[in-house]
Amino acid sequence: QVQLVESGGGLVQAGGSLRLSCAASGSIFSLTAMGWYRQAPGKQREFVADITRGGVTNYSDSVKGRFTISGDNAKNTVYLQMNSLKPEDTAVYYCRIAERRVGPDKIYWGKGTLVTVSS
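These numbers were taken from a predicted model, which means no experiment stands behind them.

Caption draft 1: Broad picture of the side chain of threonine 77. Checked against the element boundaries, threonine 77 lands in strand S8 (residues 77-82). Assessed through its relative accessible area of 8%, threonine 77 is described here as buried. With near-sequence residues (within four places) excluded, threonine 77 lies in contact with Cys22, Ala23, Met34, Ser70, Gly71 and Asp72.

Take a look at the structure:
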């Protein structure tokens, strides 16, 4: 069974930085993509960033230029470097991994790590 473990969340002042990590344990044959989503209180979960197996990255407009996603396929690990944090970045951040299969990809979610940005 695959398990995703996030780390790096915490409390930071506006303008500060945090680096999130997500390591996948268990048997994963091949990754299609790894990414991050977030959910603020009272709001829907939203896309933040992802990176494909080939290294192509994608970011939401709200974080582009401030966040950087990277991954290590060999270690089944994804990172999110968050700079110039704003109070509106406050949310629970969830790691997401898509495992390639013959049919639809298998999606795995982490339990989330809380990021709180104070003004």
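Caption draft 2: Region of the structure containing the state of the cysteines. Considering all chains together, one arrives at one disulfide under this definition. Paired by a disulfide, cysteine 22 and cysteine 95 hold their sulfur atoms 2.1 Å apart. Since a negative S-S torsion denotes a left-handed disulfide, the cysteine 22-cysteine 95 link at about -85° is left-handed. With cysteine 22 in strand S3 (residues 18-25) and cysteine 95 in strand S9 (residues 91-99), the pair connects residues that are 73 residues apart, well separated along the chain.

Caption draft 3: Broad picture of the packing of aromatic side chains. Tallied over the entire structure, the rule returns two aromatic pairs. A centroid spacing of 5.5 Å and a plane angle of 75° characterise the contact between tyrosine 37 and phenylalanine 47, whose relative ring orientation is edge-to-face. Separated by 10 residues along the polypeptide, tyrosine 37 in strand S4 (residues 31-39) and phenylalanine 47 in strand S5 (residues 46-52) bring together distant segments of the chain. Here phenylalanine 47 falls in the partly exposed class, since its relative accessible area comes to 23%. Linked through ring pairs, Tyr37, Phe47 and Trp109 together constitute an aromatic cluster. If you follow arginine 19 out to its NZ or CZ, it ends over the ring of tyrosine 79, 4.2 Å from the centre.

Criteria and cut-off values
- Residues numbered from 1 in each chain as written.
- Predicted model: local features only at pLDDT ≥ 70, side-chain atom pairs only at ≥ 80, totals over all residues.
- Heavy atoms only, no water.
- Helix = DSSP H or I, 4+ residues; strand = E, 2+ residues; numbered from the N terminus.
- Buried < 20%, exposed > 50% of the residue type's maximum accessible area, 1.4 Å probe, protein only.
- Contact = heavy atoms within 4.5 Å.
- Disulfide = S-S within 2.5 Å.
- Phe/Tyr/Trp six-rings, centres within 6.5 Å; stacked < 30°, edge-to-face > 60°.
- Lys NZ or Arg CZ within 6 Å of the ring centre and 35° of its normal.

So yeah, pure geometry; function would need other evidence.
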